[in-house]
Amino acid sequence: MRKRNQISAVITAAALGMGLLAGCGSSTSSAPAASTGDAAAASTAAATQAAASGDFDGTISIGGIAPLTGSLANWGKGAVNGYTLAIDQINADGGVTIDGKKYQLTSAVFADDKGDPTEAVSAYNNCMSHDISAIIGSCSSSCTLSFVQTAQDAGMLVITPYSTNATICKTGDYIFRECFSDANQGPMLAKLATDEFKATNIAVICAEDSDYCAGLAENMEAALDQMSGVTYQHYGCVTTDTDYTAQINSAIEQGAEVMIYPNNYDTVPNFVSQARDAGFTGPILGGDAWDGTDVTGYESKFNDTYYLAHVDLNAEDAAMKAYVEAYKAAYGEDGLNAVSSLYYDSVKMLAQAMEDANSYDPSVVKDALSKITYESLGGTITYDENGDAIKPFSIETFKDGVLSYYGSFSS
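Note that the structure is predicted; figures quoted are calculated from it, not measured.

Cut-offs applied
- Residues numbered from 1 in each chain as written.
- Predicted model: local features only at pLDDT ≥ 70, side-chain atom pairs only at ≥ 80, totals over all residues.
- Heavy atoms only, no water.
- Helix = DSSP H or I, 4+ residues; strand = E, 2+ residues; numbered from the N terminus.
- Buried < 20%, exposed > 50% of the residue type's maximum accessible area, 1.4 Å probe, protein only.
- Contact = heavy atoms within 4.5 Å.
- Areas by Shrake-Rupley, 256 points an atom, 1.4 Å probe, with all protein chains shown as cover.
- Pairing = 2+ DSSP bridges.
- Right-handed = clockwise from strand over helix to strand, strands pointing away.
- Salt bridge = Lys/Arg side-chain N within 4 Å of Asp/Glu carboxyl O.
- Core = buried A, V, L, I, M, F, W, Y, C linked by side-chain atoms within 4.5 Å.
- Domains from an automatic or database assignment.
- Phe/Tyr/Trp six-rings, centres within 6.5 Å; stacked < 30°, edge-to-face > 60°.
- Lys NZ or Arg CZ within 6 Å of the ring centre and 35° of its normal.

## Examining the overall build of the chain
Here comes step 1: Each helix and strand in the chain was counted, giving 12 helices and 17 strands.
Here comes step 2: Burial status across the chain gives 58% buried among its 411 residues.
Here comes step 3: Taking contacts inside the chain between residues at least 6 apart in sequence as the whole, the part at least 24 apart equals 70%.
Here comes step 4: Accessible surface for the chain amounts to roughly 15200 Å². Of this, 48% is attributable to carbon and sulfur atoms.

Printed below as a string of structure tokens:
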């Protein structure tokens, strides 16, 4: 028996209006215009150009979007650092080679969407006010969804490093993601709960005002629906909730063996702490948006918690070790998270696609990107017909508060 229990009211997001935007290309002979965005964006653009060295035949400019302020700012910190590190390394290695010429890769702007869809539209408009070839962003699915249709209509290439909502790349052939899709992540969470932890009675607690959370839960529950002998109940919440007592108590009363909380990292410590305090001792699972969770003060309560991840930053392979070393040399450990590596890989993958296409024109690069094989920090990436990345899953856990690699699952 499968039920959906609405414990708290669902907030319906207001429709976002998006104006028509002018099309953009790329600069081939001069540095990009100075950023007209916030101070962080201007500083990033300046630092990117200052770090570049060597003789170049021209420039190719791109834009970035992430939440530099607001509740998801820890993602934004890693995002802008990974993005900038990739640009600096590309230029240090001679830039992007197209038709025998060397181009300096520059950031025209890195815009702050504050983790808010309305602000994301403004951030997109900021990027499109510059002469760019692609946009890297954003983190939140709701934010990315707010501008991808406009980007598709404008013929602007978008690679989202961290937005997993399953509908994003179905927007059109200019829209890609470096991360996996919830169409794959949802069934993998269901498999983790039932195959790895042998659960037959599951509670799902989901923030229904979030495109990411609701979409991930929907895809996961669709997979659970196909499993014989498995029951689950769905409990609604919203992203601003701080008290989950009603949902947790109902889950315990139902006899749940596993709780799945597919919500953003800023809400995770509250939920896990309340679940443990209520007496739930079973596994608690989450999606990739758990990355960046601060468990300080909750260390013991996070034992037996797990989440799906894009990379294992503690991996012993040479590429990951080199990335972590370079990141720490440039920024210390501030913002060193999976998001940083995904923005880093998105920029590197874009540069490879430009060289494969022998062009920086978005209409040409998109075709090369759809056929690419890219060795990311999280494993080999190829693309399906929707522009969704086909890549491995990692599973992370906590041992006395220390983030640790648990294992990997294949779909």
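Next comes the rest of the description.
## Overview of the pairing of strand β9 (residues 231–237)
Here comes step 1: Taking burial as the measure, the seven residues of β9 include six buried ones, the bulk of the element.
Here comes step 2: Bridge count for strand β8 (residues 201–207) against β9 is seven bridges, and the pairing is parallel. Considered in β9, the bridge of N201 is made with T231.
Here comes step 3: Running through helix α7 (residues 211–225), the crossover from β8 to the neighbouring parallel element β9 is right-handed.

## What about the pattern of salt bridges?
As a working rule, side chains carrying opposite charge can pair if their charged atoms are close by.
Here comes step 1: What the rule picks out here adds up to eight salt bridges.
Here comes step 2: Put simply, K301 and D277 hold a salt bridge, and the shortest N to O gap is 2.9 Å. Of this pair, K301 sits in the loop between β11 (284–286) and β12 (305–309) while D277 is found in helix α9 (residues 268–277), placing the two residues 24 residues apart along the sequence.
Here comes step 3: Judged by relative accessible area, which is 23%, K301 ranks as partly exposed.
Here comes step 4: We note a salt bridge from E316 to K321, for which the minimum N-O separation is 3.4 Å.
Here comes step 5: We classify K321 as partly exposed; its relative accessible area is 44%.
Here comes step 6: Three or more residues are tied together by salt bridges with common partners; here these are D173, K366 and D367.

## A short note on the nonpolar core
Here comes step 1: In this structure, M259 and F271 are the most contacted members of the largest nonpolar core, which totals 106 residues.
Here comes step 2: The element best represented in this core is helix α11 (residues 338–357), accounting for 12 residues.
Here comes step 3: Of the residues that make up this core, three or more belong to each of domain 1 (55–180 + 316–390) and domain 2 (183–309).
Here comes step 4: Those residues in contact with F271, other than ones at most four positions away along the chain, are I205, Y244, I248, M259, Y261 and I284.
Here comes step 5: Judged by nonpolar contacts, the second largest core, of 21 residues, contains A111, I135, V148 and I168.

## Re the packing of aromatic side chains
Here comes step 1: Applying the stated rule across the entire model yields 21 aromatic pairs.
Here comes step 2: Look at Y261 and F271: their rings are 4.1 Å apart centre to centre, the planes differ by 5 degrees, and that puts the pair in the stacked class. One end of the pair, Y261, is in the loop between β10 (258–260) and α9; the other, F271, is in helix α9, with 10 residues separating them in the sequence. Each member of the pair, Y261 together with F271, is buried.
Here comes step 3: Cluster of aromatic residues (ring-pair linked, three or more members): W290, F302, Y307 and F398.
Here comes step 4: The ring of Y174 has K366 sitting right over it, with the charged end atom 5.2 Å from the ring centre.

## Remarks on the pairing of β8
Here comes step 1: Counting buried residues along β8, seven of its seven residues qualify, which places the element largely inside the surrounding structure.
Here comes step 2: As defined by bridge partners, β8 adjoins β10 across three bridges and the pair is classed as parallel. Counted as the bridge partner of I202 is V258 from β10.

## Quick look at unusual backbone geometry
Here comes step 1: For the bond from G137 to S138, the omega torsion is -5 degrees, close enough to zero to count as cis.
Here comes step 2: The residue S138 is located in the loop between β5 (134–136) and α4 (141–145) in this model.
Here comes step 3: Even without being a glycine, K114 presents a positive backbone phi close to 60 degrees.
Here comes step 4: Relative to the assigned elements, K114 resides in the loop between β4 (101–112) and α3 (117–128).
Here comes step 5: For K114, a relative accessible area of 42% puts it in the partly exposed group.

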